[in-house]
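Each chain, letter by letter, is given below.
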Amino acid sequence: MDINKCHLQEDPSNAIRNEIRAFANENNLTFFNPRNHEGLLRTLMMRTASTGEIMVLIQFFENDKKNINLVMQFLKESFDEIHSLLYTVNDKENDSIYDRDIKLFNGKNYIEEKINSLIFKIYPKSFFQTNIQQTLKLYEIIQDYAKIKKNEIVYDLYSGLGTISQFVAKQSKKVIGVESVEEAVISATNSAKENKINNVVFEFGDMKNVFTKNFILKHGKPDVIITDPPREGMHKDVIKEILKLNTPKIVYVSCNPSTQCRDLEILKEKYNIVKVQPLDMFPHTDHVENIVLLELK
């Protein structure tokens with residue numbers, strides 16, 4: 001489907017996409033057909049940061065080294081504003097890249113984003129909110145709902161690049177983040193050092209396996225829990241552990257209110273819903289980010 005102008009993403013995104021399509025057509029390069037499972041060019045991912053840095057990742061279906069190099073060299077020569085130029089070969093049925101080997105073709109393997117005075121390195125497999133202006137508002141609402149005190153321990157579940165952990169670190173005694181993507185944990189640990197934040201710790205692993213009795217003994221019982229799970233919501237075993245803790249306050253952030261509602265039904269056994277604040281992170285779509293404050297009954 002030919003789209004000449006997308007109004008949602010900042011330029012030079014349109015120029016990059018249009019030039020790749022024109023180049024592919026001129027050189028008789030094929031586009032991936034998901035029904036027949038054939039074709040060269042599979043997906044194009046572009047990430048633009050408020051710092052002006054741009055990441056481009058091409059996903060190829062066929063491991064055609066000659067034509068892969070042709071496309072990547074064309075991009076390198078045509079767009080010197082790309083700071084991170086990457087590619088991967090993916091012949092699976094789905095187009096997720098988490099189990100793929102990402103190759104760096106030119107530049108660096110990350111871009112930098114800034115929130116207030118905090119700098120974060122975003123790698124190709126790392127989750128980061130796409131709307132940076134609304135992200136700041138989101139974090140300010142989380143901070144306001146949590147009202148963390150200097151002597152309090154905070155758990156940041158599904159912590160990603162550790163952005164929320166670092167954003168609230170100054171107000172707290174200690175923040176412990178948990179994340180299942182190892183690359184994100186390494187990045188979060190490194191960015192905390194670079195941001196000179198020394199009261200955050202990040203643990204790697206699947207939440208339902210990591211968030212156990214031993215984890216709580218190691219880090220201490222939390223005074224505040226901030227949880228920002230993926231679209232499928234929290235695993236029932238994680239919710240069971242949370243209910244055992246009797247943590248005074250939970251701030252639940254969700255990009256999928258339906259799974260959030262399902263989880264809240266279970267948490268209502270011990271918690272009152274005090275505040276709810278939707279936030280429009282994705283203009284022109286029906287998606288919202290939703291923040292809920294829960295307090296122990």
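Here, residues in each chain are numbered from 1, in the same order as that chain's written sequence. With the structure being a predicted model, the display of local features is reserved for residues of pLDDT at least 70 and the display and counting of side-chain atom pairs for 80 or more, all residues being used for whole-chain, interface and lining totals. Only heavy atoms go into the side-chain values, all of them from the structure, while hydrogens and water stay out.

(A) Representation of the confidence of the model for the chain. In this model, the chain carries an average pLDDT of 93, and 100% of its residues clear a pLDDT of 70 or more. What pLDDT expresses is the predictor's confidence in each residue, scored from 0 to 100. In DSSP terms, a helix is any run of H or I states spanning at least four residues, a strand is any run of E spanning at least two, and both are numbered starting from the N terminus. Mean pLDDT values for the elements of the chain range from 81 in helix H6 (residues 207-210) up to 98 in strand E3 (residues 84-89).

(B) Just the nonpolar core, in detail. Grouped together as the largest cluster of nonpolar side chains are 42 residues, with contacts concentrated most on Ile 142, Ile 226, Val 251 and Ile 291. Those residues in contact with Val 251 that sit more than four places away from it in its chain are Ile 142, Tyr 145, Ala 146, Ile 225, Ile 226, Thr 227, Ile 291, Val 292 and Leu 293. Ranked by size, the runner-up nonpolar core spans 25 residues in total, among them Ile 225, Val 238, Ile 250 and Tyr 271. By nonpolar core we mean a set of buried residues, namely Ala, Val, Leu, Ile, Met, Phe, Trp, Tyr and Cys, connected to one another through side-chain atoms within 4.5 Å. The buried label goes to any residue with under 20% of its type's maximum accessible area, the exposed label to any with over 50%, and the partly exposed label to all in between, with areas taken from a 1.4 Å probe on protein chains only. Working rule for contacts: check all heavy atoms of both residues, and any pair within 4.5 Å makes them a contact.

(C) Main features of helix H9 (residues 257-267). Those residues of H9 that sit buried are Thr 259, Gln 260, Asp 263, Leu 264 and Leu 267. Angularly, the buried residues of H9 cover 140° about the axis, an arc narrow enough to put them on a single face. In this structure, the buried residues of H9 make contact with helix H8 (236-245), strand E11 (249-254), strand E12 (271-279) and strand E13 (289-296). Note that the arc is defined by the directions from the helix axis to the C-beta atoms.

(D) The arrangement of the sheet that holds strand E1 (residues 41-48) in detail. Here, strands pair whenever DSSP counts at least two bridges between them. Taken in spatial order, the four strands of this open sheet run E1-E2-E3-E4, and their pairing is mixed. Bordering the open sheet on either side are E1 and strand E4 (103-107), each of which pairs with just one other strand. Taken over all neighbouring pairs, the strand axes of this sheet differ in orientation by 15° on average, direction set aside. Running at roughly 165° to E3, helix H2 (residues 65-78) makes contact with E1, strand E2 (54-60), E3 and E4 of the sheet. What counts as an axis is a line fitted to C-alpha atoms, over the stretch in contact for a helix, and the angles between N-to-C directions run from 0 to 180 degrees.

(E) Fine view of the sheet that holds E12. Strand order in the open sheet made by the seven strands is E9-E8-E7-E10-E11-E13-E12, with mixed pairing throughout. Looking at strand neighbours, the two that pair on one side only are strand E9 (200-204) and E12, the edges of this open sheet. Neighbour to neighbour, the strand axes of the sheet diverge by 15° on average, direction disregarded. One ladder, built from eight bridges, connects E12 with E13; its direction is antiparallel. Pairing of Gln 277 across the sheet is with Ile 291, part of E13. In the packing of helix H3 (residues 132-146) onto the sheet, contacts are made with strand E10 (224-227), E11, E12 and E13, and the angle to E12 comes to roughly 160°.

(F) Expanded view of the packing of aromatic side chains. Each Phe, Tyr or Trp ring, with Trp reduced to its six-membered ring, pairs with another whose centre is within 6.5 Å; inter-plane angles below 30 degrees give stacked pairs, above 60 give edge-to-face pairs, and intermediate values give tilted ones. Going through the model one piece at a time under the given rule, you end up with seven aromatic pairs. Ring centres of Phe 120 and Phe 128 lie 6.3 Å apart, and the angle between their planes is 50°; this geometry places the pair in the tilted category. We note that Phe 120, like Phe 128, is buried. Between Tyr 155 and Phe 215 the ring centres are 5.4 Å apart and the planes differ by 75°, which places this aromatic pair in the edge-to-face class. Taken together, the positions of Tyr 155 in strand E7 (residues 153-157) and Phe 215 in helix H7 (residues 213-219) put the pair 60 residues apart, joining distant regions of the chain. Note on accessibility: Tyr 155 and Phe 215 belong to one class, buried.

(G) Seen up close, the state of the cysteines. Criterion for a disulfide: a pair of cysteine sulfur atoms at a distance within 2.5 Å. In this structure the tally under the stated criterion is zero disulfides. Here Cys 6 stays free of any disulfide, with the sulfur of Cys 255 as its closest cysteine sulfur at 20 Å. Residue Cys 261 stays outside any disulfide, its sulfur separated by 15 Å from that of Cys 255, the closest cysteine.

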